[in-house]
Amino acid sequence: MPKNDSVRFTSSSLRIPLSHHHHHHNNKHQQSPPLFQFTPQALISSALARSKSTIDHFLKTFNTHKRTRFLSKSSILCSASLALTKHDESAQSDAVVAQAKGGHSAAGRHEEERVLISEVFVRNKDGEELERKDLENEAVAALKACRPNSALTVREVQEDVHRIISSGYFSSCMPVAIDTRDGIRLVFQVEPNQEFQGLVCEGANVLPAKFIEDSFRGGYGKVVNIRRLDEVIDSINGWYMERGLFGLVSGVEILSGGIIRLQVSEAEVNNISIRFLDRKTGEPTVGKTKPETILRQLTTKKGQVYSMLQGKRDVDTVLTMGIMEDVSIIPQPAGDTGKVDLTMNVVERVSGGFSAGGGISSGITSGPLSGLIGSFAYSHRNVFGRNQKLNVSLERGQIDSIFRINYTDPWIEGDDKRTSRSIMIQNSRTPGTLVHGNQPDDSSLTIGRVTAGIEFSRPFRPKWSGTAGLIFQHAGARDDKGNPIIKDFYSSPLTASGNTHDDTLLAKFECVYTGSGDPGSSMFVFNMEQGLPILPEWLFFNRVNARARKGLEVGPARFLLSISGGHVVGNFSPHEAFVIGGTNSVRGYEEGAVGSGRSYAVGSGEIAFPLLGPVEGAVFADYGTDLGSGPTVPGDPAGARLKPGSGYGYGFGMRVDSPLGPLRLEYAFNDKKAGRFHFGVGHRN
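Residues numbered from 1 in each chain as written. Predicted model: local features only at pLDDT ≥ 70, side-chain atom pairs only at ≥ 80, totals over all residues. Heavy atoms only, no water.

Visitor: Would you mind showing me how to read the overall build of the chain here?
Guide: Helix and strand counts for the chain come out as 11 helices and 32 strands. Considering only contacts in the chain between residues 6 or more positions apart, those separated by 24 or more positions represent 60%. When the accessible surface of the chain is split by element, carbon and sulfur atoms take 56% of a total near 34,600 Å². (Helix = DSSP H or I, 4+ residues; strand = E, 2+ residues; numbered from the N terminus. Contact = heavy atoms within 4.5 Å. Areas by Shrake-Rupley, 256 points an atom, 1.4 Å probe, with all protein chains shown as cover.)

Visitor: Would you mind going over the pattern of salt bridges with me for this structure?
Guide: A pair can form between side chains of opposite charge whenever their charged atoms are brought close. For the structure shown, the criterion picks out 33 salt bridges. Of the charged contacts in the structure, one is a salt bridge between Glu-156 and Arg-114, with a shortest N-O distance of 3.0 Å. Residue Glu-156 is found in helix H5 (residues 154-166), and its partner Arg-114 is found in the loop between helix H3 (103-112) and strand S3 (115-124); the two are separated by 42 residues along the sequence. A relative accessible area of 43% places Arg-114 in the partly exposed class. As a salt-bridge pair, Glu-136 and Lys-133 come within 3.4 Å of each other at their nearest N and O atoms. Separated by 3 residues within a single helix, Glu-136 and Lys-133 lie in helix H4 (residues 133-142), roughly one turn from each other. Accessibility expressed as a relative area gives 44% for Lys-133, which makes it partly exposed. If you follow the salt bridges from partner to partner, you end up with Arg-587, Glu-606, Asp-622, Arg-655, Arg-664 and Glu-666 in one network. (Salt bridge = Lys/Arg side-chain N within 4 Å of Asp/Glu carboxyl O. Buried < 20%, exposed > 50% of the residue type's maximum accessible area, 1.4 Å probe, protein only.)

Visitor: What am I meant to see in helix H6 (residues 209-217) here?
Guide: Given 3.6 residues per helical turn, the α-helix brings residues three or four places apart onto the same face. Of all the positions in H6, only Ile-212, Ser-215 and Phe-216 are classed as buried. Taken down its axis, H6 places every buried residue within 85° of arc, on the same side. (Arc of directions from axis to C-beta.)

Visitor: Just checking my understanding: could you explain the pairing of strand S7 (residues 198-202) for this structure?
Guide: A regular strand places its side chains so that they alternate between the two faces of the sheet. Among the 5 residues that make up S7, 5 are buried, leaving the element largely enclosed by the rest of the structure. Judged by which residues are buried, S7 turns out to be covered on both faces: Gly-198, Val-200 and Glu-202 on one side and Leu-199 and Cys-201 on the other are all buried.

Visitor: Sorry, what's going on with the pairing of strand S18 (residues 420-431) here?
Guide: Note: strand S17 (residues 401-409) against S18, 9 bridges, orientation antiparallel. Across the sheet, residue Ser-401 finds its bridge partner in S18, namely Arg-429. Pairing between S18 and strand S19 (residues 445-461): 12 bridges, direction antiparallel. Its bridge partner lying in S19, Ser-428 is registered against Arg-449. (Pairing = 2+ DSSP bridges.)

Visitor: Where do I start with empty space enclosed by the protein in this structure?
Guide: Taking a probe equal in size to a water molecule and rolling it over the atoms shows the remaining empty space. The full count for this structure, using the stated rule, is 2 cavities of 30 Å³ or more. Of the volumes computed, that of the largest cavity is approximately 50 Å³. What lines the largest cavity is Ile-272, Leu-298, Thr-300, Asp-314, Ile-329, Leu-342, Thr-343 and Met-344. A total of 3 residues in the lining of the largest cavity trace back to one element, the largest contributor, which is strand S13 (residues 340-348). (1 Å grid on protein atoms, 1.4 Å probe; cavity = no way out; pocket = protein on both sides within 12 Å on 5 of 7 lines; lining within 4 Å. Points joined across faces, edges and corners; volume = space filled by probe spheres on them.)

Visitor: What am I meant to see in the packing of H6 against helix H7 (residues 226-242) here?
Guide: The description of two packed helices rests on the angle between their axes and on the distance between the axes. The contact between H6 and H7 brings their axes to 10 Å, and the two run at 160°. On the basis of their axis angle, the class for H6 and H7 is roughly antiparallel. H6 and H7 meet at a crossing whose hand is right-handed. Contacts from Phe-211, Ser-215 and Phe-216 in H6 reach Arg-228, Leu-229, Val-232, Ser-235, Ile-236 and Trp-239 in H7. (Axes fitted to C-alpha atoms, helices over the stretch in contact; angles between N-to-C directions. Parallel < 35°, antiparallel > 145°, perpendicular 65-115°, else oblique. Left-handed = near helix turned anticlockwise from the far one by under 90°.)

Visitor: Would you explain H4 in this entry?
Guide: What H4 keeps buried is the set Leu-135, Glu-136, Ala-139 and Ala-142. Buried residues of H4, seen end-on, are gathered within an arc of 125° and therefore sit on one face of the element. Turned more than 90 degrees away from the buried face of H4 sit Asn-137 and Ala-141, all of them exposed.

Visitor: What is the right way to read the sheet that holds strand S10 (residues 269-277) from this model?
Guide: Pairing between the strands of a sheet is mediated by backbone hydrogen bonds and can be parallel or antiparallel. Taken together, the 4 strands give an open sheet; going across it, the order is S11-S10-S13-S12, and neighbouring strands pair in mixed fashion. On the outer flanks of this sheet lie strand S11 (284-285) and strand S12 (324-333), each paired with one strand and no other. With 9 bridges joining them, S12 and S13 adopt antiparallel strand pairing. By the bridge assignment for S13, Pro-333 is matched with Val-340. Lying over the sheet, helix H9 (residues 308-319) contacts S12 and S13, oriented at roughly 150° with respect to S12.

Visitor: Even after reading the chapter, I still don't get the nonpolar core, so can you show me in this structure?
Guide: The nonpolar side chains of a soluble globular protein tend to be buried with one another. Of all hydrophobic cores here, the largest spans 24 residues; its most connected members are Phe-216, Ile-236, Tyr-240, Ile-260 and Leu-262. With 7 residues, the single largest contributor to this core is H7. Those residues in contact with Phe-216, other than ones at most four positions away along the chain, are Phe-196, Leu-199, Leu-229, Val-232, Ile-236, Ile-260 and Leu-262. (Core = buried A, V, L, I, M, F, W, Y, C linked by side-chain atoms within 4.5 Å.)

Visitor: What's the story with the side chain of Asn-345 in this structure? I'm lost.
Guide: Mapped onto the elements, Asn-345 comes out in strand S13. For Asn-345, a relative accessible area of 10% corresponds to the buried category. In terms of polar contacts, Asn-345 uses its side chain to reach the side chain of Arg-275, at 2.7 Å. (Polar contact = N/O pair within 3.5 Å; in protein donor to acceptor, adjacent residues only side chain to side chain.)

The structure is reproduced here in structure tokens:
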């Protein structure tokens, strides 16, 4: 959060310091550090203490002197701790006092005895009328027990003194009893607070100046009210609390000339340290991760005012690294500096290991083991203790096979833009049925690809990220015996170059907007690939593809609209044509059964609603078209297989949450009234 200069509105350099009370708080996890605190309530308490000391002084005076002039019920008045003088006598010490009986026990009894008061007035400390009648009215309004022609106890008088002070307008109040011909006159001698003429605010580095100005603007030229001042300070403290910042008003002074001085204490981060804890015992241990790898993930830096909200985001960021089981931040006071030391406790996960699993391929739609894939992988998620990832995996299906080595550095050292780097080598074999399937002789073909590349990714705006890279691909087709082929059954070419394989060097750019990350939130992906003909036989083409999704909550139901489209210009391999139809395209059709073309557009609408627990129901409708581009694909493989080029589907289904993502079971009808089950794992593209 950016800093602002301390707000300072002064008209006087003279300061009258008040005694401060320092409150130290023991720090717990995510609690405020020890800060000095002195609130306007302390000013009220100070005024009450002064009034009490005045009353106690008079009580001691009455207990140690004897009176020379008899007054009725004098002992009661003495015990009441009221200054008793004649109205025509000076303030000298020629007034005499009767001796009270019984010490403190007698005074306690006298507090319960009553004295008849004939008049009650509010005056200034010199006994004169207040210049401002509104302040006099405030004091009179605060009185509850002390009324003319009422019999009062000492306790009732003291309680009304407290009420006058607690009104917030007065810095002192002293009750004085005066004997007159008409009876005893009770005078409350008050000292009003000063008029507010300026403000000095110190230590507020992140608190906006306008917020402070607006908080005090309505009080300029008015008598300072301690209660109103308390409300203002509560609002300032609330500003810090709402933002999770360690800061509060720690001192208040009313200086000469009506200047209010606010001292704000903001706990800056003094130091950040990493402490590794054992997974089993919870005791400190030696970690494998380099501390600087964790520290650079944090947005909290030394010298900043510590924010609990920012700290929580930092905890979440460290957890998303994927190498920690548990993360917490413990703030502790940094000695008597008013700053805070942060200790991040981390529990590391097991760095690497082997795994096995399975999945479903959308490219195989027939056979006894239709689409089933088994996988085996080794992964290390914290290479060299720098959070770098190494994955070696093998997937094998009825026809499919993919061997992949991937090495990723999520944040390149020395880069301040959070750029990641990924190096990939892959050898894959996938069925060619999506474009070149349904051959009359029941033969099948596969597309083999050897791919190597490097990609760089980084966020460039909130919720936006970009990827750029270079990828080399060597791809060709083989028959079911593994022999290279260049044409399918319909004599449609399988390569663009006419050779048994096509070589392509791709420059890739991708831009992604992820919204909130929820499946029903907004999403946008734009992808462009450019073939670079470094050598004459290398392919030269440009391909763009875009997907967008928008979710809308309507009561318990969720409406989801998605659209995608793309286009290819140039000389490209026929098996790289856009494929339409299937689980993630137009449901109700087999994979690729609607068509394949240089261009395509697919739209889908879906309404999902809760059924029971993690189970959701859904109804949907899809439409897809090749935009008439099927014949422009070399060899027109879609036309040779009589694919319609456009079609729609509709149906219903269920989703069940699982650790792998939503499990989707759907049944859809196409525009030819044929029905088909679809099963998928994860969110629909």
